[in-house]
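Tertiary structure, described
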Amino acid sequence: FSSLERGFEYHAEVEDGVIPVKCHRYTRDLRVECPPMRERKKVLVVGAGIVGLTTAMKLLEQGYKPIIVASATHKNPCDDYYASIGAGSLWMPLPVGGDPEKLRRWAKLSLGPLLEGTMNPDCGIKQCRGLTYFRSGTGEEWEKMPWWSEILREHLRELRSEDREALQKHDCPSVIPEVLSTYQAAWKFNSLVVNMGMYLEYLSSQLAIGGTIFEKLVKFDSMEEVVSMAQRRGAVAVVNCSGLGSRTLCAEENELYPARGVTITVDAPNVDYFASDDSSEITYILPQDGSVTVCGCYYPNEWHTHVSSEETKALLDRCVKLNSALAGARVTKAWAGLRPCRKSGVRLEANTAANGMLVVHNYGHAGSGVTLSWGCATDAVEIVDGFCKTYPSNQERQDVGL
């Protein structure tokens, strides 16, 4: 087959019953047993950001045939709502609202596949040491380990025991002397930094190899339009991963809002650890290959994606306080995106359209799309599985004229 999307193209040979897949968890090619192409139930996935692509991968692994439809992709990020391509992408759970136990579970389920992705250079995921600094607090605030420390320690021990470091309070003067005057303490730990351009391309290519259909770019005005397309394509369900686009698609949605953020790429080959602080302005330093992405700003309900020179300077000044090696670094790119935030946290639930089609909602991840991606995809696909147990196969539907 040939799966063609505006801006990129993939080709692969697919035989009935066996799909050649380079699994996201390994570097070697595998042959994954799946139902024949004509028997695989189709599921329409709305959105081609990190949440949409991960959900489609999980559907593919479970034997479905995803159909991805979106208003923008990583190759053609023509929609201001498409934030994945410029995200800083550090695995680090943030307070996004909602049930803490669900967040813990989603973050834990996501870390495993991301860690395994470090073994494949095409994924663009790497382990990296780093620090989170505390400027304020009473001591209890930063001496108490965060709830995700046990998750991180467990998974890093599984992957590379000689390189793991338990999350712990660290002696700042021995690491970054120049920040001692402004920060009281720090956590030092290993985590994962993701090159989003590489990772989104990798997921897209694996989906295409597995038989996923990429529709041409399209923007919907309502969920009724989405369901109508799904019905025409023979899909059994819809998974809505449209982020901020759900403000338009879901008439009942009144909690979704943007939080504008800025990322800047600079030349800084000597920076080899990530850093962040507890500032209300949000500041991150994330090393990539030969460059560094510095991230910051959290402006709720701002819809524009313009980056001013004043913002660039202010963000760089804050980052220099975290790591003086960034002083004078040459800026190569400035970008602003809109985080899909939601007052009550991630929406991961299902409802039924007027024609009886299942619609699963998976959006509102704020700045934790990567951190929660695989966990939320797992739960979304479980909902689809439960529905499809009572849904007739494509052949059965044809036999009864559906």
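Residues numbered from 1 in each chain as written. Predicted model: local features only at pLDDT ≥ 70, side-chain atom pairs only at ≥ 80, totals over all residues. Heavy atoms only, no water.

**Side note on the packing of aromatic side chains**
For clarity, the cut-off: Aromatic pairing here means that ring centres of Phe, Tyr or Trp (its six-membered ring) are within 6.5 Å. Orientation follows from the plane angle: under 30 degrees is stacked, over 60 is edge-to-face, and everything else is tilted. The way it works is that DSSP assigns letters per residue, a run of H or I at least four long becomes a helix, a run of E at least two long becomes a strand, and they are numbered from the N terminus.
One pass over the structure, following the stated rule, counts four aromatic pairs. With a centroid separation of 5.8 Å and an interplanar angle of 50 degrees, the aromatic rings of Y81 and W303 are classed as tilted. Here Y81 is found in the loop between strand 6 (65-69) and helix 2 (100-117), whereas its partner W303 is found in the loop between strand 15 (291-300) and helix 8 (309-322), with 222 residues between them in sequence. By the ring-pair criterion, three or more aromatic residues cluster together here, those being W91, W148, F189 and F274.

**A short note on the packing of helix 1 (residues 50-61) against helix 9 (residues 369-388)**
To keep it simple, the criterion reads: Each axis is a line fitted through C-alpha atoms, taken for helices only over the stretch in contact, and angles between the N-to-C directions span 0 to 180 degrees. Each angle gets one of four labels, with under 35 degrees taken as roughly parallel, over 145 as roughly antiparallel, 65 to 115 as roughly perpendicular, and the rest as oblique. A crossing counts as left-handed when the near helix is turned anticlockwise from the far one by less than a right angle, and as right-handed when that turn is clockwise. Any two residues whose heavy atoms approach within 4.5 Å at even a single point are treated as in contact. Three classes are used: nonpolar for Ala, Val, Leu, Ile, Met, Phe, Trp, Tyr, Cys and Pro, charged for Asp, Glu, Lys and Arg, and polar for all others, with Gly counted as polar.
Their axes nearest at 8 Å, the elements helix 1 and helix 9 cross at an angle of 45 degrees. Between helix 1 and helix 9, the crossing angle belongs to the class labelled oblique. The handedness of the crossing between helix 1 and helix 9 comes out as right-handed. Residues I50, V51, T54, T55, M57, K58, L59 and E61 of helix 1 form the contact with helix 9, whose own contacting residues are G369, V370, S373, W374, A377, T378, V381 and V384. Across the contact of helix 1 with helix 9, the residue classes break down as nine nonpolar, five polar and two charged.

**Describing the nonpolar core**
Note the cut-off: The criterion is simple. A nonpolar core is a set of buried Ala, Val, Leu, Ile, Met, Phe, Trp, Tyr and Cys residues joined through side-chain atoms within 4.5 Å. Residue exposure (1.4 Å probe, protein chains only): buried if accessible area is under 20% of the type maximum, exposed if over 50%, otherwise partly exposed.
W91, Y199 and V384 are the most contacted members of the largest nonpolar core, which totals 68 residues. Non-local contacts of W91, meaning those with residues more than four positions away in its chain, are made with A107, L111, L114, W148, I151, L152, S191, L192 and T371. The next biggest cluster of nonpolar side chains, apart from the first, holds 22 residues, and it includes V266, C297, L315 and L322.

**Description of helix 1**
Convention followed: A helix is expected to span 1.5 Å multiplied by its residue count minus one.
Compared with an ideal rise of 1.5 Å per residue, which puts 12 residues at 16 Å, helix 1 spans 16 Å between its outermost C-alpha atoms and is within 8% of the ideal. Burial runs high along helix 1: 11 of the 12 residues are buried. Turning to helix 1, its buried residues number three or more, namely I50, V51, G52, L53, T54, T55, A56, M57, K58, L59 and L60. Buried positions along helix 1 lie against strand 5 (42-46), strand 6, helix 5 (196-209), strand 11 (235-240), strand 18 (358-363) and helix 9. Two residues or fewer after helix 1 comes G63, characterised by a positive phi angle close to 95 degrees.

**Section: the confidence of the model for the chain**
In plain terms, the rule: You can read pLDDT as the predictor saying how much it trusts each residue, on a scale of 0 to 100.
When the pLDDT values of the chain are averaged, the result is 81; 77% of them are 70 or greater. Contacts of residues 1-33 to residues separated by more than four positions or lying in other chains number 93 contacts, the stretch itself having pLDDT below 50.

**Overview of the sheet that holds strand 5**
Our working definition: At least two DSSP bridges between two strands are needed for those strands to be called paired.
With respect to topology, six strands assemble into an open sheet ordered 10-6-5-11-18-17, the strand pairing being mixed. Two strands in the sheet have a free side with no partner beyond their single neighbour: strand 10 (213-214) and strand 17 (347-352). As paired elements, strand 11 and strand 18 share four bridges and run parallel to each other. In the strand pairing of strand 18, V239 is matched with V360.

**Quick word on the pairing of strand 5**
Stated precisely, the cut-off is as follows: With strands facing away from the observer, any crossover in which the path from the first strand over the helix to the second runs clockwise is taken as right-handed.
Burial analysis of strand 5 places four of its five residues in the buried class, the great majority of the element. Pairing of strand 5 with strand 6, which is carried by five bridges, proceeds in the parallel orientation. Considered in strand 6, the bridge of V46 is made with V69. Once the chain exits strand 5 it traverses helix 1 before rejoining the sheet at strand 6, and the crossover so formed is right-handed. Pairing geometry for strand 5 and strand 11, over five bridges, is parallel. Opposite V46, over in strand 11, you have N240 as the bridge partner.

**Side note on the side chain of S291**
Relative to the elements of secondary structure, S291 occurs in strand 15. Here S291 falls in the buried class, since its relative accessible area comes to 16%. Excluding anything up to four places from it in sequence, S291 contacts T265, V266 and A268.

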